[in-house]
Amino acid sequence: MSTAEQNRRRNQLSPRREPVQARARERARQILDTTGRLLEQVGLNDLTTILIAKELGVSVGSVYHYFPNKHAILYAMGEQWLASLTERLDDLAAKELETLELRPFLDDLLNRWLSVYREQRGLLPLVQAMWGIPELHELDERHDELVINHLVGMFRRLGFRCPPNETNRLARATLETCHAMMLVIVNQQGTRAKRTHEDLLNMLMVLLEPHRDEEKPAGLDDVEAP
């Protein structure tokens, strides 16, 4: 068969494949969205693939066509969440951070970070699953590594001159503080959410501002940078 004939047949097939692929992506998205909604309604322990299929109005076998079990669905949700978080942090890192003061930077960071938490349906049960289900532990580790690496890089560009191990410690403290507080904020409304957000910003300022120009933190004389 000539190359031209091969190309002609390939062109004939391509339009038929794309709708199938598009439908598959849409169905997978529907499964993830439905799972997020059910996590909010029934929680992690009562979530089943049977319940997901019933909510979607399809057979369990149709769900298994895309995901082999409940943990696989949760894993895909976790990956989706991490991808959104990566996008927001990358966007912030692309800014001229060297020209920013600490407070405007933290305000921008929290707004971007919180937007990811607010968009994710069933976030608290998903986070619990990432921490408590062995099959999902890798996602929890990737989350921490992702955020800490971004924070370390941004802190250095903001003028933090402390040793690498101290910068890493501050990044982890920032992660743990923000993660815990943002899980609270996303479940609050109006003035209460706004005040908790402001409290978090003030806490980060107290944590980070004293270390910004500190080349050798007090009490760490015997600690060597890696």
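Residues numbered from 1 in each chain as written. Predicted model: local features only at pLDDT ≥ 70, side-chain atom pairs only at ≥ 80, totals over all residues. Heavy atoms only, no water.

By the naming in an unreviewed UniProt entry, the protein is TetR/AcrR family transcriptional regulator, taken from Microbulbifer harenosus.

Caption draft 1: A look at the overall build of the protein. Along the protein, the regular secondary structure elements total 9 helices and 0 strands. When its helices and strands are written in sequence order, the protein yields α-α-α-α-α-α-α-α-α. Across the 226 residues of the protein, 39% fall into the buried class. Excluding contacts between residues fewer than 6 apart, the proportion of contacts in the protein whose partners are at least 24 apart in sequence is 72%. On the protein, roughly 12,800 Å² of surface is accessible, and the fraction owed to carbon and sulfur atoms is 50%. (Helix = DSSP H or I, 4+ residues; strand = E, 2+ residues; numbered from the N terminus. Buried < 20%, exposed > 50% of the residue type's maximum accessible area, 1.4 Å probe, protein only. Contact = heavy atoms within 4.5 Å. Areas by Shrake-Rupley, 256 points an atom, 1.4 Å probe, with all protein chains shown as cover.)

Caption draft 2: Here's a closer look at helix 5 (residues 102-119). Taking 1.5 Å of rise per residue, 18 residues should cover 26 Å, and helix 5 covers 26 Å from first to last C-alpha, within 8% of that figure. Restricting attention to buried positions, one finds in helix 5 the residues L102, F105, L106, D108, L109, L110, W113, L114, V116 and Y117. On its buried face, helix 5 sits against helix 4 (70-93), helix 6 (123-132), helix 7 (137-157), helix 8 (164-185) and helix 9 (190-208). (Expected span 1.5 Å × (residues − 1).)

Caption draft 3: Geometry of the packing of aromatic side chains. Per the stated rule, a full pass over the model turns up 2 aromatic pairs. Residues W81 and Y117 carry aromatic rings whose centres are separated by 5.3 Å and whose planes lie at 65 degrees to one another, so their mutual orientation is edge-to-face. Of the two residues, W81 is situated in helix 4 and Y117 in helix 5; the sequence distance between them amounts to 36 residues. Assessed through its relative accessible area of 2%, W81 is described here as buried. Here F155 and F160 contribute two aromatic rings whose centre-to-centre distance is 4.7 Å and whose plane-to-plane angle is 20 degrees, an arrangement assigned as stacked. F160 shares its class with F155; the two are buried. (Phe/Tyr/Trp six-rings, centres within 6.5 Å; stacked < 30°, edge-to-face > 60°.)

Caption draft 4: Examining helix 8 more closely. Here helix 8 spans 31 Å end to end across 22 residues, near enough to the 32 Å set by a 1.5 Å rise per residue. E166, T167, L170, A171, T174, L175, C178, H179, M181, M182, L183 and I185 are the residues of helix 8 that are buried. Those residues of helix 8 that are buried are in contact with helix 4, helix 5, helix 6, helix 7 and helix 9.

Caption draft 5: View of the nonpolar core. With 63 residues, the main nonpolar core has L74, F105, L106, W113 and F155 as its most contacted residues. At the level of secondary structure, the elements contributing two or more residues to this core comprise helix 1 (3-42), helix 2 (49-56), helix 4, helix 5, helix 6, helix 7, helix 8 and helix 9. Discounting chain neighbours no more than four positions away, the residues touching F105 are L92, L97, L100, M154, F155 and L158. (Core = buried A, V, L, I, M, F, W, Y, C linked by side-chain atoms within 4.5 Å.)

Caption draft 6: A look at the confidence of the model for the protein. Averaged over all residues, the pLDDT of the protein is 87; the fraction at 70 or higher stands at 85%. Overall, residues 9-19 carries pLDDT values under 50, and its contacts beyond four positions in sequence, including any with other chains, amount to 2 contacts. Throughout residues 219-226 the model reports pLDDT below 50, and contacts reaching past four residues in sequence, or to other chains, amount to 9 contacts. (pLDDT = per-residue confidence, 0-100.)

Caption draft 7: Layout of the pattern of salt bridges. Scanning the entire structure with this criterion turns up 13 salt bridges. Residue E138 is joined to R142 by a salt bridge in which the shortest nitrogen-to-oxygen separation is 3.3 Å. Of this pair, E138 and R142 are both found in helix 7, 4 residues apart, which corresponds to roughly one turn of the helix. Here E138 falls in the partly exposed class, since its relative accessible area comes to 33%. (Salt bridge = Lys/Arg side-chain N within 4 Å of Asp/Glu carboxyl O.)

Caption draft 8: Examining the side chain of T35 more closely. Structurally, T35 is set in helix 1. Here T35 falls in the buried class, since its relative accessible area comes to 0%. Residues within four places of T35 in sequence aside, it is in contact with L47, I52, I73, L74 and M77.

Caption draft 9: Quick peek at the packing of helix 5 against helix 9. Packing of helix 5 against helix 9 brings their axes to within 10 Å, and their N-to-C directions diverge by 135 degrees. With respect to helix 9, the element helix 5 is oriented oblique. Crossing angle aside, the handedness with which helix 5 passes helix 9 is right-handed. Of helix 9, the residues touching helix 5 (which contributes L102, R103, L106, D107, L110, N111, L114 and R118) are A193, H197, L200, L201, N202, L204, M205 and L208. Broken down by class, the residue content of the contact of helix 5 with helix 9 amounts to 10 nonpolar, 3 polar and 3 charged. (Axes fitted to C-alpha atoms, helices over the stretch in contact; angles between N-to-C directions. Parallel < 35°, antiparallel > 145°, perpendicular 65-115°, else oblique. Left-handed = near helix turned anticlockwise from the far one by under 90°. Nonpolar A, V, L, I, M, F, W, Y, C, P; charged D, E, K, R; others polar.)

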